[in-house]
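Structural features, examined
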Amino acid sequence: MVELSSKEKEVLDFLLEFIEMGIFSIEQHERDLGRLDYSLCSDDSEKQLITEKKIAKLKKRLSKCNPIIAGYINALTTSDPLNSSHEEKLLMISKNFLLTEYSELFEMLVSEDISTIQGYQFESIIKSLGFKYKPLKEFIQAVCDVNSFYLYKSFLEISQNDNLSYEKVKDKLNNAFFRLEAFMNGTVNQYVHFDFNTTFTELFYCTRKLENVSYANYNLIGEYWGLTEQIRVDYDKSTFDNHKAYENKAFCNDCNVISSIAWDRISEFNSFATPDEIEEQNRKKSISDVIKASDKVEAVKEEIKNLIVETPTEESNLYPRIFTSDKAFHKFKNLVEAFGNGDEKLADYSFVFHRMRKDKLIYDDYQQTQFVYFLLEFNINISRIKPKTQLGKSDLRESIYNRV
């Protein structure tokens, strides 16, 4: 592939982002449907029958794929001599698809200011520029079909594999979580994709084997669920040290998969509930339990109160991925109060973004488009961030900025 200019890379990333969003949206919907199908099954044999039907349906749909799209899908499903991962191949094939099938759109966007169309629905952007959306829609759906085919196929292969070792599966999963947490904490600077979904399927399968049925092993499943839920929250709220981790596509993909596992496979986790967990869930509670719980909370509050030496005066940083400190977030909140949501909000908050980033109050790698979406949290709706040279009234805004 020819080396692209910085503007061409920006446009290509812009287009790739919409493909990723399209794939994510469809797969979330299909996972919801799959979870419903499996929840209605009475036993594992019925689940296997449904899985076989899903695989047959996906094969049929892929066989009827548009011939042009089929060429890209064949490349995605064919092994290569470099042993590239599925994610690496998908990225390369998506780039080739865009640069080939939408070359005129690509060239048009390279000559335009794409910040003026960011935030609009992609389908409407393509159609308004005179291009067909259907080929891209078919490409995204075909990729989702391939991903689903591999996933359901792995379910059948696992159930036929008598050589799976419970200890090896557990060690493999533990090491994968350890690597992911080390990357989140910044103790390692590289991360590669791991198939958490398939490994959890292997773990569930092995734990159900008679020789592995034990209180400790069932309890461990519950601990794993707690871990997936914690990672889901940490990833969603950026409560970890290495904020540059969001630039790693494999890491983001795996965190999204873990988030889905925590929610979409909850019924499988619950099937391993220990007797005391089941008893606690089914136990009838009375007002006495509520009063006792309340008394315990008040006692803990009193203990904490006695331990507190000094109460922080600044508001905690609720967006650690955006603002570099508690004081930075506090300053932003004061700026929102000062500038308000008036007629000049586009220029006002463009100034806020540029000025706070200059003072290292907003991270250097935080993008303008991300800030535009973030402002919606405060009911501030602007279309883009204006360049510093187009703002005007700089003295007035500087005085407000320094005052707050």
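Residues numbered from 1 in each chain as written. Predicted model: local features only at pLDDT ≥ 70, side-chain atom pairs only at ≥ 80, totals over all residues. Heavy atoms only, no water.

In this section: the confidence of the model for the protein. Confidence in the prediction of the protein, expressed as mean pLDDT, is 82, and 84% of residues score 70 or more. Across the protein, helix α8 (residues 166–185) holds the top mean pLDDT of 94, while helix α14 (residues 287–307) sits lowest at 62. In the model, residues 309–313 has pLDDT below 50 throughout and makes 0 contacts with residues more than four positions away in sequence or in other chains. (pLDDT = per-residue confidence, 0-100. Helix = DSSP H or I, 4+ residues; strand = E, 2+ residues; numbered from the N terminus. Contact = heavy atoms within 4.5 Å.)

Another aspect to go through is the packing of aromatic side chains. Scanning the model with the defined rule gives 38 aromatic pairs in all. An angle of 80° between the planes, with centres 5.1 Å apart, marks the rings of tyrosine 218 and phenylalanine 272 as edge-to-face. Highlighted residues: tyrosine 218 in helix α10 (residues 215–237) and phenylalanine 272 in the loop between α12 (266–270) and α13 (275–282), separated in sequence by 54 residues. The exposure class assigned to phenylalanine 272 is buried, which follows from its relative accessible area of 1%. Between tyrosine 235 and tyrosine 246, the aromatic rings sit 5.3 Å apart at their centres with planes inclined by 25°, giving stacked as the arrangement. Residue tyrosine 235 is located in helix α10, and its partner tyrosine 246 is located in the loop between α10 and α11 (249–264); the two are separated by 11 residues in the primary sequence. Here tyrosine 235 matches tyrosine 246 in class, with each residue buried. Over the aromatic face of tyrosine 246 sits the side chain of arginine 321, whose NZ or CZ is 3.8 Å from the ring centroid. (Phe/Tyr/Trp six-rings, centres within 6.5 Å; stacked < 30°, edge-to-face > 60°. Buried < 20%, exposed > 50% of the residue type's maximum accessible area, 1.4 Å probe, protein only. Lys NZ or Arg CZ within 6 Å of the ring centre and 35° of its normal.)

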